[in-house]
Number of protein chains: 2
Amino acid sequence: MSAVEDIPTPQVVIDQDVLERNITRMAAHVRETSLRLRPHAKTHKVLQIADRQLAAGAAGLTVATIGEAEVFADHGVDDLFIAYPLWLTRPQAERLRRLSAKARVSVGLDSVEGAQTMGAALNGAAGEIAVLVEVDSGHHRSGVSPGLAVEVAQAAHRAGLLVEGVFTFPGHSYAPGMPQQAVEQEQAALAEAAELLTAAGHNVSRRSGGSTPTATLTGSSVATEVRPGVYVFCDAQQLELGRCTWDDIALTVAATVVSRTDTGRGSPRRLVLDSGSKVLGTDRSAWATGHGRLIDHPDARITALSEHHATVVWPEGSPLPALGERLRVVPNHVCVTMNLVDDVAVVSGGQLVDRWAVAARGKNS
Amino acid sequence: MSAVEDIPTPQVVIDQDVLERNITRMAAHVRETSLRLRPHAKTHKVLQIADRQLAAGAAGLTVATIGEAEVFADHGVDDLFIAYPLWLTRPQAERLRRLSAKARVSVGLDSVEGAQTMGAALNGAAGEIAVLVEVDSGHHRSGVSPGLAVEVAQAAHRAGLLVEGVFTFPGHSYAPGMPQQAVEQEQAALAEAAELLTAAGHNVSRRSGGSTPTATLTGSSVATEVRPGVYVFCDAQQLELGRCTWDDIALTVAATVVSRTDTGRGSPRRLVLDSGSKVLGTDRSAWATGHGRLIDHPDARITALSEHHATVVWPEGSPLPALGERLRVVPNHVCVTMNLVDDVAVVSGGQLVDRWAVAARGKNS
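Residues numbered from 1 in each chain as written. Chains lettered and ligands numbered in written order. Predicted model: local features only at pLDDT ≥ 70, side-chain atom pairs only at ≥ 80, totals over all residues.

What follows deals with the overall build of chain A. Check the secondary structure of chain A and you find 11 helices and 17 strands. The C-alpha radius of gyration computed for chain A amounts to 22 Å, which stays within 12% of the reference 21 Å derived for 365 residues, consistent with globular compactness. Each principal axis of the C-alpha atoms in chain A carries an extent, and together these give about 70 × 40 × 35 Å. The burial tally for chain A puts 61% of its 365 residues in the buried class. Counting only contacts in chain A whose residues sit at least 6 apart along the sequence, the fraction spanning at least 24 positions is 69%. (Helix = DSSP H or I, 4+ residues; strand = E, 2+ residues; numbered from the N terminus. Rg over C-alpha atoms; globule rule 2.2 N^0.38 Å. Buried ≥ 20, exposed ≤ 12 C-beta atoms within 10 Å, placed from the backbone. Contact = placed C-beta atoms within 7 Å.)

With that settled, consider the sheet that holds strand 3 (residues 61-63) of chain B. Reading across from one edge, 2-9-8-7-6-5-4-3 (chain B) is the order of the eight strands in this open sheet, with parallel pairing throughout. Strands at the two margins of the open sheet, each flanked by one partner only, are strand 2 (36-37) and strand 3 of chain B. (Pairing = 2+ DSSP bridges.)

It is worth spelling out the pairing of strand 7 (residues 162-167) of chain B at this point. Residues and elements named next belong to chain B. Across the six residues that make up strand 7, a large majority, five, are buried. Sheet topology note: the strand 6 (residues 130-134)/strand 7 ladder contains five bridges and is parallel. Its bridge partner being in strand 7, A130 is matched across the sheet by L162. Following the chain from strand 6 across helix 6 (residues 146-158) to the adjacent parallel strand 7, one finds a crossover that is right-handed. Handedness of the strand 7-helix 7 (residues 179-199)-strand 8 (residues 206-209) crossover: right-handed. (Right-handed = clockwise from strand over helix to strand, strands pointing away.)

We now examine the domain arrangement of chain A. Residue and element names in this part refer to chain A. When cut into domains, chain A gives domain 1 (33-229) and domain 2 (238-357). Listed by partner, the interface residues are 13 residues for domain 1 and 10 residues for domain 2. Considering only residue class, the side of domain 1 that touches domain 2 consists of six nonpolar, five polar and two charged. (Domains from an automatic or database assignment. Nonpolar A, V, L, I, M, F, W, Y, C, P; charged D, E, K, R; others polar.)

The predicted model of chain A averages 94 in pLDDT, with 98% of residues at 70 or higher. Interface predicted TM-score (ipTM) for the complex: 0.95; the corresponding pTM is 0.96. (pLDDT = per-residue confidence, 0-100.)

All names here are of chain A. The eight strands are arranged 2-9-8-7-6-5-4-3 in an open sheet whose pairing can be described as parallel. Looking at strand neighbours, the two that pair on one side only are strand 2 (36-37) and strand 3 (61-63), the edges of this open sheet. Alignment of strand 7 (residues 162-167) against strand 8 (residues 206-209), held across three bridges, turns out to be parallel. The partner of V166 across the bridge, within strand 8, is R207.

Below is the structure:
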């Protein structure tokens, strides 16, 4: 296997030691709080990382699509939650049915019509699929109010589906100062929905929440499981939110300085890396300092991104890297980065030790 | 082959009729102005589309990376320009050498050090690689000032490379009201660099510019070739820039309404599509109206995007689509969308007629 510095750039590099530490730490936290951990595998899409999460005690995996579920079920993962309000066509129902022969499958729902459609499409197989009703806890994306959750559960039950609980995604936790408030709203929404569903005679033994910003703030008084995803790698977004430190960064993109300006035009101290949006992704929150960070140069700012160029403004007083020098970029949002590449380089103790395929990359449906 | 409406969503769909009309129209325009057309294939990455561009008279293709060049050279494309300031390592030099046995290869350079490194890495094969010096015409990304272009050409010549001209990318044309100004700056920069290089005794027979917003504004007084990419599909960005019409949109993403809010919470008329950032991409200019457009509902706005959800605010007075209904989304930036999917559905006259692989997807190096 060639050395790290011989790999053509841009290249996603996973530090296996940091990755394993992140996996162990989250598993230990969740064990302490008696929650069950069901990591969101859409972040990494990698079989070898799923194996490590399950070995550390995860109760199963969360995925976003039937296609992702198929990849992990074929690998032998036997408990999969598709945390998404599926609108089930007949061909998808057939896939879900085949999936349920390989693994325990639960899915999301957030409408009466969705429940009816799912029941009809699954036909006799509806009873094999467990359903969690999605509740909106303040992110205002999908999910219903706790009051409407009862109607959805009712419809699911009538359609022959197995109601098992409620879930929510506190996506509004991805903003400075928001994680604590988001976790309180999440727990309140889950509690209210669980109470109403229980009163209406439904099973709510699963109450699922959690994102990477909130997972370690979640107690077990209401939720029974959490679904963090990004924690395995961390990223510039989590760093700038204060939800991880530089030492927790397990994923970087190796990039080469291909162009730089230090004369003429009166421009600032600017260089261009070959890690553009086609490897970093363009996700950028309003509060982000740029399009990612440089792990060895915290004061540098990635001010612009095009498909194959990242423009970096270099801090005053710090020597501008030479052309051809390699830098390590921390993407803003690792879920996007992993979905852009077919495989990743794996290092341990600074040595290249493996390559992992991004097995569920691009499985959007 | 299944019907269009049976394809699982989200799914990228190419309208072959519109695609071919776009290809023919750009080819005709460029022929009229006596420019040569060298379309940027990073937009589509599809062999079948490259074939159509070449059949319509393109002089060759532009690509962004050695990996993209390899895919098209293996398909038989015999003239390829890697429009990027390559920093050549030895393994990459070896690939470039092999590439030059299959096709006429030209590459970009924007530094003396880049030229020296390339010459050394290519060793005896340097003379097989033609070089265009990249000039900055106002986009302020890579590229040097026209004055410095002479030094780069000099260094390339000394390194044994074949200097053939200059190129620029007027990326600042991607803003309202900017295309005309950008094309003037582009022509001025190319003219100044060409004059200085000629005076220094270099060959500048190729003077390459052009982006989709500027290509049809470019005359042949300075430039000898243009490199538009997006024109084959158009996208919401070109539409909102006024550089294409709704009728020119050849690429849409078929999406399903999976969630909607029309009761409770006092929220606006809001629905969620299953076409998130993992198929649309998150590119969004400051002046964009949202994260893409709906081709059949021009007044709807895509206000938020997460990985598998597009949140749409529906216009007042227009009936909210039903759950399960399919809508067609026009991405903001098609180059990003094509790089997210492994294949695309092809329709003609409303019928599904083919599937094309995105052969050069993910070839970032």
